[in-house]
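One letter stands for each residue in the lines below.
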Amino acid sequence: MIATSAPVAGAATGQRNALFVAHIAAILFGLTGILGALIEADASIITFGRATFAFIALGFVAGLKGTRLLDALKMRNLPILGLTGALLAAHWVTFFIAVKVGGVAVATLGFASFPAFIALIERSVFGQRIGATQALLLTLVTAGLVLVVPTFDLLDKGTVGLLWGLASGLSFALLTVANRRRAASMNAMQVAFWQNVVVAALVSPFAFTHLGNTSLGGDDWVNLALLGVFCTGLSQFLFVKSLERLEARTAGMIIALEPVYAIIGAWWLFAEQPTLRMGAGAALIVLATLLAAARKTPAEQGDTSRCAH
């Protein structure tokens, strides 16, 4: 009895630890918008700093693990690395613009629409039929966005911020679809490293143009480092680590709570108190995101290279 109960107890402890790790990863993902709001800089500078710190950290970890990053630079891999890097750059830039214009809550909820965009892309590009679950997902996201938008006046900052958030969600959906079709010869570490290198290279001309008119303080540099190392590199590592003990579906549903953590953090730090209407819209969008996570197959969830937000 003692011999059989010990492994069971150890497995239960391991699963609890994995759940804790997955929630920490979700919190770190949720801090992305908060750190973006704290950094007094243009979206291109934030994106460049995040990508630079991220690929430095990933390169260090790759060296410790013995991962050969240069092996991924084959001719057949370059187009997909270039495309996914460009989509990641577009996703980050539009997200940080949304944060600056509309606030953390609105930007995060706009981004959270990406599962609906994935369903639409797969339907329009790959001819996949939209089933009952996907139709419900689209309905929930649409209803949630209608509730979240402050007004349909394009002069309203909240509305403009939500539109940028939607652009961020669309670019992330395209990135997800593209990453699913990447070459099997590249592992997640290689993909994440080179995608961040491409992002830094693409946005560097815009970042250095704005850098001349921007005075980054010590806090800004610290927040950029936190954004790149912890909210990008560490969060992805923790998510991968949680998959050692959790089913991919369970881990995905925890990560889907990212908007909740972001809204709570913005409420606490910036007094961005959501209205009842926004809370109802957020609930619908989060429900749709959880629904999307629940219906993904383990193979889809296991592709950790697309957890790049």
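All figures in this text were calculated on a predicted structure; none of them were measured in a lab.

**Student:** Explain a nonpolar patch on the surface residue by residue, including any values.
**Tutor:** A cluster of nonpolar side chains, Leu 70, Leu 73, Met 75 and Leu 78, forms an exposed patch at the surface whose accessible area comes to about 440 Å². Tracing the backbone through its elements, the reader meets Leu 73 in the loop between α2 (43–65) and α3 (78–102).

**Student:** Which residues make up the nonpolar core, and what values go with them?
**Tutor:** Counting 49 residues, the largest nonpolar core has Ile 46, Phe 96 and Leu 227 as the members making the most contacts within it. A per-element tally of this core places α3 first, with 10 residues. Filtering out sequence-adjacent residues up to four positions away, Leu 227 remains in contact with Thr 32, Leu 35, Ile 39, Ile 46, Arg 50, Phe 96 and Thr 232. Of all hydrophobic cores here, the second largest spans 20 residues; its members include Ala 112, Val 141, Leu 162 and Met 278.

**Student:** So what's going on with the environment of Leu 138? Which residues, and what values?
**Tutor:** Mapped onto the secondary structure, Leu 138 falls in helix α6 (residues 132–148). Placed 150 residues apart in sequence, Leu 138 and Ala 288 show a C-alpha to C-alpha distance of 7.8 Å.

**Student:** Residue-level account of the confidence of the model for the protein, with values.
**Tutor:** For the protein, per-residue confidence averages 80 on the pLDDT scale, and 82% of positions sit at 70 or higher. Confidence scores differ between elements of the protein, with helix α13 (residues 298–301) showing the lowest mean pLDDT of 44 and α3 the highest of 92. Note on residues 297–306: pLDDT is under 50 here. Beyond four places in sequence and across chains, it has 28 contacts.

**Student:** Mind laying out the packing of α2 against α3, listing which residues take part and the relevant values?
**Tutor:** Viewed as axis vectors pointing N to C, α2 and α3 meet at an angle of 130°, and their least axial separation amounts to 9 Å. Taken together, α2 and α3 sit at an angle that is classed as oblique. Between α2 and α3 the crossing geometry is right-handed. Across the interface between the two elements, Ala 43, Ile 46, Thr 47, Arg 50 and Ala 51 from α2 touch Ala 89, Trp 92, Val 93, Phe 96, Ile 97 and Lys 100 from α3. A per-class count over the contact of α2 with α3 returns 8 nonpolar, 1 polar and 2 charged.

**Student:** Give me the lowdown on the packing of aromatic side chains, citing residues and values where you can.
**Tutor:** Inspection of every chain in the model, using the stated rule, returns 8 aromatic pairs. The interplanar angle of 75° and the centroid separation of 5.2 Å between the aromatic rings of Phe 111 and Phe 172 together place this pair among those described as edge-to-face. Of this pair, Phe 111 sits in helix α4 (residues 104–111) while Phe 172 sits in helix α7 (residues 157–180), and the two are 61 residues apart along the sequence. Assessed through its relative accessible area of 3%, Phe 111 is described here as buried. What makes Phe 172 buried here is its relative accessible area of 4%. The rings of Phe 95, Phe 96, Phe 111, Phe 114 and Phe 172 are connected pair by pair, giving a single aromatic cluster.

Reading the values: the criteria
Residues numbered from 1 in each chain as written. Predicted model: local features only at pLDDT ≥ 70, side-chain atom pairs only at ≥ 80, totals over all residues. Heavy atoms only, no water. Patch = residues over 30% accessible without salt bridge, like charges linked within 9 Å, V, L, I, M, F, W, Y side chains within 5 Å. Areas by Shrake-Rupley, 256 points an atom, 1.4 Å probe, with all protein chains shown as cover. Salt bridge = Lys/Arg side-chain N within 4 Å of Asp/Glu carboxyl O. Helix = DSSP H or I, 4+ residues; strand = E, 2+ residues; numbered from the N terminus. Core = buried A, V, L, I, M, F, W, Y, C linked by side-chain atoms within 4.5 Å. Buried < 20%, exposed > 50% of the residue type's maximum accessible area, 1.4 Å probe, protein only. Contact = heavy atoms within 4.5 Å. pLDDT = per-residue confidence, 0-100. Axes fitted to C-alpha atoms, helices over the stretch in contact; angles between N-to-C directions. Parallel < 35°, antiparallel > 145°, perpendicular 65-115°, else oblique. Left-handed = near helix turned anticlockwise from the far one by under 90°. Nonpolar A, V, L, I, M, F, W, Y, C, P; charged D, E, K, R; others polar. Phe/Tyr/Trp six-rings, centres within 6.5 Å; stacked < 30°, edge-to-face > 60°.

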